[in-house]
Amino acid sequence: MKIFAVLPAAGTGSRAGFKKNKILQNIGGSCVLARTVSAFSLNKNISKIFVCCRECDRSEISDLLQDFDKVVLVDGGETRTESVRNALEHMLPLAPDLVLIHDAARPFVSQNVIDDCIRCAQKYGSAICSLPCTDTLVQTSNGHIIAQYDRSSACTLQTPQGFSYASILNAYRQIGDNEQFTDDSGVYAKYIAPPVLFTGEWQNRKLTFREDFEMQNFRTGIGIDTHAFGEGNFVVLGGVKIPHTQGLIAHSDGDVLVHAVMDALLSAAGLPDIGYYFPDTDAKYKNADSLKLLSHTADLIQNQGCKVGNISAAIVAQKPKLAPYIPRMKENIARVLGVPADRIGISAGTNEGLGSIGRGEGITVTANALIIEQL
Ligand code: MG
């Protein structure tokens with residue numbers, strides 16, 4: 001059986017508010033369209049993938065997809081309906097049996113969903129990916145609810161939507177000049193028959209708004225720092241001066257907590273470590289206030305197009321007792337990073353007397369950072 005896929009990618013994605021087509025945005029290290037194409041390319045039952053694109057995106061998309069040998073680029077239309085029709089007409093000489101039409105902006109489609117779509121379309125001639133409606137559905141007018149829908153019989157439609165090629169082409173050829181459809185189930189339903197549903201997956205959501213993209217670009221980093229005790233009568237942790245019988249040996253103020261946090265942030269952003277930006281050979285950083293260095297680190301993260309999600313740090317110190325100071329440490333770090341204090345987690349424990357830390361020779365901190373890449 002000859003099965004093709006159609007990915008309409010000729011929209012502008014204006015609701016996402018990017019300068020260029022949203023499907024060309026990067027998400028988690030690869031572009032949305034390339035991810036979607038990759039999912040269909042991996043499926044061994046699909047032999048060709050028709051990607052509808054606008055003239056202005058064509059060369060970029062062509063470069064982007066050059067390694068996918070199943071891909072055929074076709075001209076997109078002014079509307080989704082026109083784009084799909086162009087693709088269906090274009091493949092006519094190749095006479096496929098089934099065609100799966102899928103939103104390019106649903107990059108998380110799984111092989112299970114694609115396989116279910118193929119099976120259902122083979123059996124019934126149509127296959128519409130759907131999910132039961134879990135939110136309450138209402139009809140509105142001027143910001144008021146004017147009617148409630150019966151949720152139990154409602155569902156939301158996703159893609160892929162699979163059809164016998166002959167039927168969907170036939171349906172598309174009957175569409176009037178000014179008729180527009182938001183998906184292909186509507187076209188099939190109007191001109192052929194009520195299409196058959198199969199159950200999709202929540203993960204196969206459509207990336208529509210800017211937040212949909214931000215949610216995906218999570219990056220984590222880890223940072224570890226250790227300082228030994230030496231002369232002094234206080235330590236600085238998280239910008240809080242804590243009285244102690246010794247101080248921490250350091251070029252800066254020895255804020256081992258803040259140093260670990262900085263390294264975690266830099267690591268998450270794929271940047272060089274703290275020693276690169278703030279070398280302890282530079283006199284400028286002699287006795288430096290580490291919170292100021294953290295502020296500089298926050299700028300570096302922001303320059304990479306990232307914002308801080310949360311920080312989680314574990315201090316291991318046999319002494320002094322740190323618990324009373326932790327709330328202030330959190331506040332200081334949160335203030336400098338521009339996040340609420342509840343995004344900073346700090347725990348403190350001893351090393352149960354084991355090893356150098358357990359013998360009270362120094363303090364070590366491990367920190368994790370989560371940053372969110374903004375597009
Ligand atoms: Mg350090």
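Residues numbered from 1 in each chain as written. Predicted model: local features only at pLDDT ≥ 70, side-chain atom pairs only at ≥ 80, totals over all residues. Heavy atoms only, no water.

1. Here's the deal with the side chain of Thr 36
Within the secondary structure, Thr 36 sits in helix 1 (residues 32-42). According to the relative accessible area criterion, Thr 36 is buried, its value standing at 0%. Among the polar contacts made by the side chain of Thr 36, one reaches the main-chain carbonyl oxygen of Val 32 at a distance of 3.0 Å. In contact with Thr 36, other than residues within four places in its own chain, are Leu 7, His 102, Asp 103, Ala 104, Arg 106 and Pro 107. (Helix = DSSP H or I, 4+ residues; strand = E, 2+ residues; numbered from the N terminus. Buried < 20%, exposed > 50% of the residue type's maximum accessible area, 1.4 Å probe, protein only. Polar contact = N/O pair within 3.5 Å; in protein donor to acceptor, adjacent residues only side chain to side chain. Contact = heavy atoms within 4.5 Å.)

2. Looking at the coordination of the magnesium ion
Coordination of the magnesium ion by the protein comes from Asp 225 (OD), His 227 (NE2) and His 259 (ND1), over a distance range of 2.1 to 2.3 Å. When the donors of the magnesium ion are listed by position in the chain, the intervening gaps give D-x1-H-x31-H. A relative accessible area of 17% means that Asp 225 is categorised as buried. On the basis of relative accessibility, which here comes to 11%, the residue His 227 falls in the buried class. (Donors = N, O, S within 2.8 Å, 3.2 Å for Na, K, Ca; no water.)

3. Quick notes on the packing of aromatic side chains
To describe a pair of aromatic rings, you give the distance between the ring centres and the angle between the ring planes. Tallied over the entire structure, the rule returns 5 aromatic pairs. The interplanar angle of 35 degrees and the centroid separation of 5.2 Å between the aromatic rings of Phe 163 and Tyr 188 together place this pair among those described as tilted. Highlighted residues: Phe 163 in strand 10 (residues 155-164) and Tyr 188 in helix 6 (residues 184-191), separated in sequence by 25 residues. Comparing Phe 163 with Tyr 188 shows no difference in burial state: the two are buried. An angle of 90 degrees between the planes, with centres 5.5 Å apart, marks the rings of Phe 278 and Tyr 285 as edge-to-face. Relative accessible area serves as the criterion here: at 8%, Phe 278 is assigned to the buried category. (Phe/Tyr/Trp six-rings, centres within 6.5 Å; stacked < 30°, edge-to-face > 60°.)

4. Considering the sheet that holds strand 4 (residues 46-53)
Here 7 strands make up an open sheet; going across it, the order is 5-4-1-6-10-7-11 and the pairing mixed. Lying at the two open borders of the sheet, with one neighbouring strand each, are strand 5 (71-75) and strand 11 (197-199). The average angle at which neighbouring strand axes cross in this sheet is 30 degrees, direction not considered. Here strand 1 (residues 3-8) runs beside strand 6 (residues 98-101); their pairing, made up of 4 bridges, is parallel. Across the sheet, residue Ala 5 finds its bridge partner in strand 6, namely Leu 100. Packed onto the sheet, helix 5 (residues 165-173) meets strand 6 and strand 10 and runs at close to 110 degrees relative to strand 10. (Pairing = 2+ DSSP bridges. Axes fitted to C-alpha atoms, helices over the stretch in contact; angles between N-to-C directions.)

5. Quick word on the side chain of His 102
Mapped onto the elements of the fold, His 102 is located in the loop between strand 6 and helix 4 (111-124). The exposure class of His 102 is buried, given its relative accessible area of 0%. Among the polar contacts made by the side chain of His 102, one reaches the side chain of Thr 159 at a distance of 2.8 Å. Once you skip the residues sitting within four places of it in the chain, His 102 turns out to touch Val 6, Leu 7, Pro 8, Thr 36, Phe 40, Val 109, Thr 159, Pro 160 and Asn 204.

6. A look at the sheet that holds strand 18 (residues 362-373)
Pairing is mixed across the open sheet formed by 5 strands, whose spatial order is 15-12-18-16-17. Each having just a single partner strand, strand 15 (247-248) and strand 17 (344-349) make up the two edges of the open sheet. Where strand 12 (residues 218-230) and strand 18 come together, 11 bridges link them in antiparallel fashion. Residue pairing for strand 18: Ala 228 is matched across the bridge by Gly 362. Strands in contact with helix 11 (residues 326-337) are strand 16 (306-316) and strand 17; relative to strand 17, the strand with the most contacts, it is inclined by about 145 degrees.

These values are about where atoms sit, not about what they do.
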